[in-house]
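# Understanding the architecture of this molecule
Residue-level listing of the chains:
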Amino acid sequence: MKFSGFGYLIKEGVKNIWSNRMMSIASVGVLISCLLMTGAASLLSVNVTSAVESVGGENVTRVYLEQEVTDLEAVYITNELATISNVTETVFIPRDDAIKELEDTYSDAIFEQLQGEGNPLPNAVDVTMEDLSLYDTTISQVMAVEGVESIRDTREIAQKLTSLNNLVTTLSFWIVLALTCVSIFIISNTIRMTMYSRRFEISIMKSVGATDTFVRIPFVVEGMTIGLVSGIVTSVLLFFLYDIIMKTAQNIIEFSFVPYSQVGVWTTIVFIGAGVVIGALGSVVSIGRYLKKEGNELLGW
Amino acid sequence: MIEFRNVSKVYSTGTHALNKASLTIEKGEFVFIVGSSGAGKSTFLKLIMREEIPTSGTIIVNGMQLDKMKRRQVPMLRRTMGIVFQDFRLIDKMTVYDNVAFAMRAIGASPKAIKKRVPYILELVGLEGKSHNYPSELSGGEQQRVGLARALVNNPKMIIADEPTGNIDPEMSFEIMELLSEINKRGTTILIVTHEHELVENFGRRVITIDKGVVVDDTMSVSASES
Ligand SMILES: Nc1ncnc2c1ncn2[C@@H]1O[C@H](COP(=O)(O)OP(=O)(O)OP(=O)(O)O)[C@@H](O)[C@H]1O
Ligand SMILES: [Mg+2]
């Protein structure tokens, strides 16, 4: 294809948008809403996942050893616990350190008296797990180790967070899918309207021997431009809205959100990329049917 | 150039529009196609342009076998022919110049080629003074000359016209026919469907008569002007 002809077709595509501007603006609006909602769903998912991970990081399970276990034995047990497959880290907490920890936290004189011989606390090991969804299995493996007395059970929090994370991820996946379909549908409808208003020109193009590609390009350009504009506007909106939304969310529940700087580049790339791809898909979907028609059938006469 | 071998066309409605038609049209011929309404004349042209596909039989146009042709090869066939419509089919919001240039742009011609070719063709059809006018500012005859210019601009091997003078008055019709004759003299094959017996008789050309989908007559009419 000659480049000169190509330039003409791009110009035609942009002209299409202008001559069909009400529909173009409407579809840009709908597309922005869809992109924002899919973006919100994905970012919520990202934030919940990160929150779960950070809790997971703090969520070290404390394993209490039996009172008779000596410090030396405790070190062996610590190493043994480290060999369990889902366990990433084990830290031996001697009973003396544990009581000092309490003293530091509560700064109460009573803990001073409990140090040394009078210490009621057992030796303990802090166990960090890689995957919280394997909590049950891992805990039973931990309990099976000789010398382990009990654990501080954080299962409930872990389970709640994990299932919340799964729910949010699944939900946002479906939201993204549904809204992508809606976006494609909206764009294809807009393009179909332009095609309808351009059907006369299309019929003449076909009668003089324009290829399908040639007929198609202006409409694909139209769809992609609508997508591009929507992607850019959405990215700009998100840039301004992200911090506000996240801070509001933080007031409701305490969590540390992923800062914009960490997701900004990605969301911008994804929004613009998705906009352009959705625009192209939407126009291709609507053109196919039209191109197969000939002469008066195309014109609806 | 055009060859029909036992071509039949039955529309999905059950209408037998063409029945085992066989004929040959050579390069450089000037042919009138006549027949009563519903005889199958437009169907004949649509088969040549491959707007319709034959139910049976073989069609060869400009060396391409249409009944075996794939959809994506159709544009190449269309580029060998210029089509003129009864209702002109000009784009209202484009000037005369742009209407003609549109046909070149549609097949990817360079702006340079367009700039050179369009004025030449407009001069050929006698519209060099009207290139910046819009179709609504032209007479019927002038509009059809724009249609003709558009059909000619891509330098086709043949011109196909379905009742090109059906919407213009007799004097103008005569002018259009003269113009087509002129183009024919330069080597372009011309195929015209018409109802106007006077024109047919006046020009003394090959006349193919179709009746109820059958080619019933194929003769040279005696030209009043030439005899
Ligand atoms: N797309 C179609 N679907 C069904 N039937 C059709 C179609 N096009 C034409 N026909 C029928 O085929 C027959 C031949 O039609 P055609 O248009 O070829 O006639 P024609 O000779 O051009 O007539 P006219 O002089 O009125 O233009 C007619 O009976 C017509 O009703
Ligand atoms: Mg007809």
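Everything quoted here is computed from the prediction, not taken from an experiment. (Residues numbered from 1 in each chain as written. Chains lettered and ligands numbered in written order. Predicted model: local features only at pLDDT ≥ 70, side-chain atom pairs only at ≥ 80, totals over all residues. Heavy atoms only, no water.)

Right, let's get into the overall build of chain B. Summing up its helical and strand segments, chain B has seven helices and ten strands in all. Compactness check: chain B gives a C-alpha radius of gyration of 17 Å against a globular reference of 17 Å for 227 residues, within 12% of the reference. Overall, chain B is about 45 × 45 × 30 Å in size when its C-alpha atoms are taken along their principal axes. Sequence separation of at least 24 residues holds for 66% of the intrachain contacts in chain B that already meet a minimum separation of 6. In the form shown here, chain B has an accessible surface area of approximately 10,300 Å², with 49% of it arising from carbon and sulfur atoms. (Helix = DSSP H or I, 4+ residues; strand = E, 2+ residues; numbered from the N terminus. Rg over C-alpha atoms; globule rule 2.2 N^0.38 Å. Contact = heavy atoms within 4.5 Å. Areas by Shrake-Rupley, 256 points an atom, 1.4 Å probe, with all protein chains shown as cover.)

A few words on helix α5 (residues 140-152) of chain B. Side chains three or four residues apart in an α-helix point the same way, a direct result of the helix having 3.6 residues per turn. Over its 13 residues, α5(B) extends 18 Å from the first C-alpha to the last, a length consistent with the 18 Å expected when each residue adds 1.5 Å. Here α5(B) lies mainly inside the structure; twelve of its 13 residues are buried. Among all positions in α5(B), only Gly141(B), Glu142(B), Gln143(B), Gln144(B), Arg145(B), Val146(B), Gly147(B), Leu148(B), Ala149(B), Arg150(B), Ala151(B) and Leu152(B) are buried. On the buried face of α5(B), the contacting elements are α8 (199-207) of chain A together with β6 (81-84), α3 (96-105), α4 (111-124), β7 (158-162) and α6 (170-185) of chain B. (Expected span 1.5 Å × (residues − 1). Buried < 20%, exposed > 50% of the residue type's maximum accessible area, 1.4 Å probe, protein only.)

In this section: the site of ligand 1. All names here are of chain B. Around ligand 1, the surrounding shell holds 14 residues, and the nearest of these are Ser37, Gly38, Lys41, Ser42 and Thr43. Here glycine 38 contributes a backbone N or O atom positioned 2.8 Å from an oxygen atom of ligand 1. The contact in question runs from an oxygen atom of ligand 1 to an N or O atom on the backbone of alanine 39, over 3.2 Å. Relative to its free-state accessible area of 630 Å², ligand 1 is covered by the protein chains to the extent of 66%. (Near = heavy atom within 4 Å. Polar contact = N/O pair within 3.5 Å; in protein donor to acceptor, adjacent residues only side chain to side chain.)

The next thing to look at is the nonpolar core. Core analysis: the biggest nonpolar cluster contains 73 residues, and Phe32(B), Val118(B), Leu122(B), Leu148(B), Ile159(B), Leu180(B) and Ile192(B) have the highest contact counts within it. Beyond its immediate sequence surroundings of up to four residues, Leu122(B) is in contact with Val96(B), Tyr97(B), Val100(B), Leu127(B), Glu128(B), Ser131(B) and Ala149(B). (Core = buried A, V, L, I, M, F, W, Y, C linked by side-chain atoms within 4.5 Å.)

Residue and element names in this part refer to chain B. In spatial order, the strands read β6-β7-β8-β3-β9-β10; together these six strands make up an open sheet with mixed pairing. In this open sheet, the two strands that pair with only one neighbour each are β6 and β10 (214-220). Shown here is a sheet whose adjacent strand axes are inclined to one another by a mean of 15°, direction ignored. Sheet analysis places strand β3 (residues 30-34) next to strand β9 (residues 206-211), joined by four bridges and oriented parallel. (Pairing = 2+ DSSP bridges. Axes fitted to C-alpha atoms, helices over the stretch in contact; angles between N-to-C directions.)

All names here are of chain A. Packing of α8 against helix α9 (residues 212-252) brings their axes to within 10 Å, and their N-to-C directions diverge by 150°. Taken as axis vectors, α8 and α9 run roughly antiparallel relative to one another. In contact with Ile202, Met205 and Lys206 of α8, α9 contributes Phe214, Val215 and Phe219. Of the residues in the contact of α8 with α9, the class split is five nonpolar, no polar and one charged. (Parallel < 35°, antiparallel > 145°, perpendicular 65-115°, else oblique. Nonpolar A, V, L, I, M, F, W, Y, C, P; charged D, E, K, R; others polar.)

Take it as geometry only, folks, not as evidence of what the structure does.
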